[in-house]
Amino acid sequence: MLFKNLEVFAGKKILKKRIVKTFDILSVDFLDLLSRELLKDKEIRKFPDLATFAFWARKKNIINISRKYISKDELRVGLGTVFHITPSNMPVNFMYSFAFGLLSGNSNVVRVSEKKFIQAKIFFKHIKKIGNRKKFIPIYQSNAFLNYPKENLDVSKYYSMNCDARIIWGSDDTVKNFSRFSTKPKTKIINFPERYSICAINLESLKKIKKNEFKKLILNFYNDTYLNDQNACTSPQMILWVGKSSENLRNIFWKELEKIVKKNYKLEEIVSIKKYSNLLSDILLKDKYFKNIYKHENYIYRILLKKFSNIHKMSDFKGKWGYFFEFELKKLEEILAITNYKIQTLSYYGFKKQNLKKMLENNKFEGIDRIVPIGRTLDMDVVWDGFDLPNTLSRIIEVK
C-alpha cells in the first residue's frame, strides 16, 4: 500500500488543494490564533525556540512582512501544493517552513522528523484544536504534517510528483537522495543543504564593554550555540577574534560562558564520549592546523588555529555540543578570501552594520547569506539562504 507506515500528526494525507492570494487573511488569522494559543500554553516556557516561533507568527508581525509583497497592481497567488522535507535535528524548523508555504498561498505536505520532540507535540495539539473550528476547516483540510520511513520511496515519489514546489532542508545526502524523485516540469525546487556559520568579535569593542552588556553578550552566544547543540546551520562553529591579539580577553569570554553552560546545559554521558572522540579524531587528522587546544572540562572545547593560508576550507572544521574553533584576524576582510558557498551566517559583535554591508559590496566573494548580531542566529524569516520564499513559492497572474 502507498501510505503504509505513514503517520499523520495533523491535517489530511490526501489534501483538498487550496490556492489563494499571498498573505490571504484567513491564513494570517490562522497563524495569529495559533500564536496566541501557543503563547498561553504553560509548557512553552521550557522551549525558547517554540516561543520564538509563536512570537514571529503574530498578526502584527505577519502584516508588517506582507507589506513588501502585496500590491494593488498585481495578483500574486500560491503555486499549489508545497512538499516540505524538514530536518531531524531542529525541532521547530518545520513550523516555519509550513508558515512560509501557507503565507505564500499554498497547500502544504510537511514531512516532519520521526523524533518525538515535545515542541512538535505542543504544536500539533493546537493545530488540531484550531483546525476543528468551522472558520479554519479549509486550512486544516489542505495541509498535512506527517512522517514515514525514508525506505518508503513510493511516498516520496508520490508527493514529489504531485507537488508544485519542493523544499528540502537537510544534509547534502538528503538533497541528493530526493533529487532521484521526478517532479512535474514546472515544479519549483528549493534546496537548503548543509551550511556552515561563523562568528566575528571585535576585540577593541570587547575591551570597552560594560559588565551588564558583557553578560548579555555571553548569554546570547550561549543561545546561538548550546540551545541546539550547535546542530543548526546558523550556529557558529568558528569564532574569529578581530584586532590586536589578546589571550586574556578570549579567556574571560570563555570562562564566563563556562559558568552559564555549567548552570544550564545538560551534557549527556553519551554526548561527552562522542565529543571527546571527535576531539581525538581531529587531533589525529588535523593537528598540523592547530596552534593550541583548550578544554573547560567537557563543557567547552576550543581549538586555536594557525594561519588561514594553511586552511583549505573553514567548513572543514566542525564541532557540536560546545566544540569551537578559533582564529585571530587583524581585519575582518581577511575572511573573504576563503569564504565559499558553504558559509551561511556571519554573526558579530562590535562592528557597525553599514561597515559590514560595505565590506561585502566592495569585494567579490562566495557565501555569507546572512549577517546578524550575536543572539539572533536562530531568527528565521521569509528570506532564507538568499531565497525570497513568498516570491519563490508564488506566481503573478498578469491581468491587463
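None of these values were measured; they are calculated from a predicted model.

### A closer look at the packing of helix α1 (residues 25-40) against helix α4 (residues 93-103)
Step number 1: Two elements in contact, α1 and α4, have axes separated by 9 Å at closest approach and are oriented at 155°. Here α1 is positioned roughly antiparallel relative to α4, judged by the angle of their axes. Taken together, the residues of α4 that come into contact with α1 (itself represented by Ser 27, Val 28, Phe 30 and Leu 31) are Phe 98, Ala 99, Leu 102 and Leu 103.
Step number 2: Taken together, the residues of the contact of α1 with α4 sort by class into 7 nonpolar, 1 polar and no charged.

### Here's the deal with the sheet that holds strand β13 (residues 343-349)
Step number 1: Taking strand neighbours across the sheet as the criterion, the 7 strands line up as β10-β11-β12-β9-β8-β13-β14 in an open arrangement whose pairing is mixed. Each edge of the sheet is formed by a strand with only one pairing partner; in this case those strands are β10 (290-296) and β14 (370-373). Each neighbouring strand pair of the sheet contributes to a mean axis angle of 25°, computed without reference to strand direction.
Step number 2: Pairing of β13 with β14 involves 4 bridges; the strand directions are parallel. Paired with Leu 346 across the two strands is Ile 371, which belongs to β14.
Step number 3: Helix α12 (residues 269-286) rests against β10, β11 (300-305) and β12 (323-329) of the sheet, and its axis sits at about 170° to β10.

### Thoughts on the nonpolar core
Across soluble globular proteins, nonpolar side chains show a tendency to be buried alongside one another.
Step number 1: Among the nonpolar cores identified, the biggest contains 53 residues, and Phe 53, Trp 56, Phe 123 and Phe 145 are the most heavily contacted of them.
Step number 2: The biggest single contributor to this core is α4, with 8 residues.
Step number 3: Not counting chain neighbours up to four residues away, the residues in contact with Phe 145 comprise Glu 7, Val 8, Phe 9, Ala 10, Phe 94, Phe 98, Val 110, Phe 123, Phe 124 and Ile 127.
Step number 4: Judged by nonpolar contacts, the second largest core, of 28 residues, contains Tyr 301, Phe 327, Ile 335 and Leu 346.

### A short note on the pattern of salt bridges
Step number 1: For the structure shown, the criterion picks out 27 salt bridges.
Step number 2: Taking the shortest distance from any N to any O, the salt bridge between Asp 24 and Arg 18 comes out at 2.6 Å. The exposure classification of Asp 24 matches that of Arg 18, with both residues buried.
Step number 3: The residue Lys 68 makes a salt bridge to Asp 388 at a minimum N-O spacing of 3.5 Å. Placement of Lys 68 in the loop between α3 (59-66) and β2 (75-78) and of Asp 388 in strand β16 (residues 387-388) is noted, with a sequence separation of 320 residues between them.

### Side note on unusual backbone geometry
Step number 1: Even without glycine at this site, Asp 229 takes up a positive phi of about 60°.
Step number 2: Mapped onto the secondary structure, Asp 229 falls in the loop between α10 (211-225) and β9 (236-242).
Step number 3: A residue is classified by how much of its surface remains accessible, and Asp 229, at 25% relative accessible area, is partly exposed.
Step number 4: Phi angles above zero are rare outside glycine, and Trp 321 is one such case at about 60°.
Step number 5: As for its placement among the helices and strands, Trp 321 is situated in the loop between β11 and β12.

### As for the environment of Phe 100
Step number 1: Along the chain, Phe 100 falls in helix α4.
Step number 2: Looking at Phe 100, the relative accessible area reads 2%, which means it is buried.
Step number 3: Setting aside anything within four residues of it in sequence, one finds Phe 100 in contact with Trp 56, Met 380, Asp 381, Val 382, Leu 389 and Leu 393.

### Let's talk about a nonpolar patch on the surface
Step number 1: The grouping of Leu 75, Ile 397 and Val 399 at the surface amounts to a nonpolar patch, some 240 Å² of accessible area in total.
Step number 2: Looking at where Val 399 falls in the secondary structure, it is placed in the segment after β17 (394-397).

Reading the values: rules and limits
- Residues numbered from 1 in each chain as written.
- Predicted model: local features only at pLDDT ≥ 70, side-chain atom pairs only at ≥ 80, totals over all residues.
- Heavy atoms only, no water.
- Axes fitted to C-alpha atoms, helices over the stretch in contact; angles between N-to-C directions.
- Helix = DSSP H or I, 4+ residues; strand = E, 2+ residues; numbered from the N terminus.
- Parallel < 35°, antiparallel > 145°, perpendicular 65-115°, else oblique.
- Contact = heavy atoms within 4.5 Å.
- Nonpolar A, V, L, I, M, F, W, Y, C, P; charged D, E, K, R; others polar.
- Pairing = 2+ DSSP bridges.
- Core = buried A, V, L, I, M, F, W, Y, C linked by side-chain atoms within 4.5 Å.
- Buried < 20%, exposed > 50% of the residue type's maximum accessible area, 1.4 Å probe, protein only.
- Salt bridge = Lys/Arg side-chain N within 4 Å of Asp/Glu carboxyl O.
- Patch = residues over 30% accessible without salt bridge, like charges linked within 9 Å, V, L, I, M, F, W, Y side chains within 5 Å.
- Areas by Shrake-Rupley, 256 points an atom, 1.4 Å probe, with all protein chains shown as cover.

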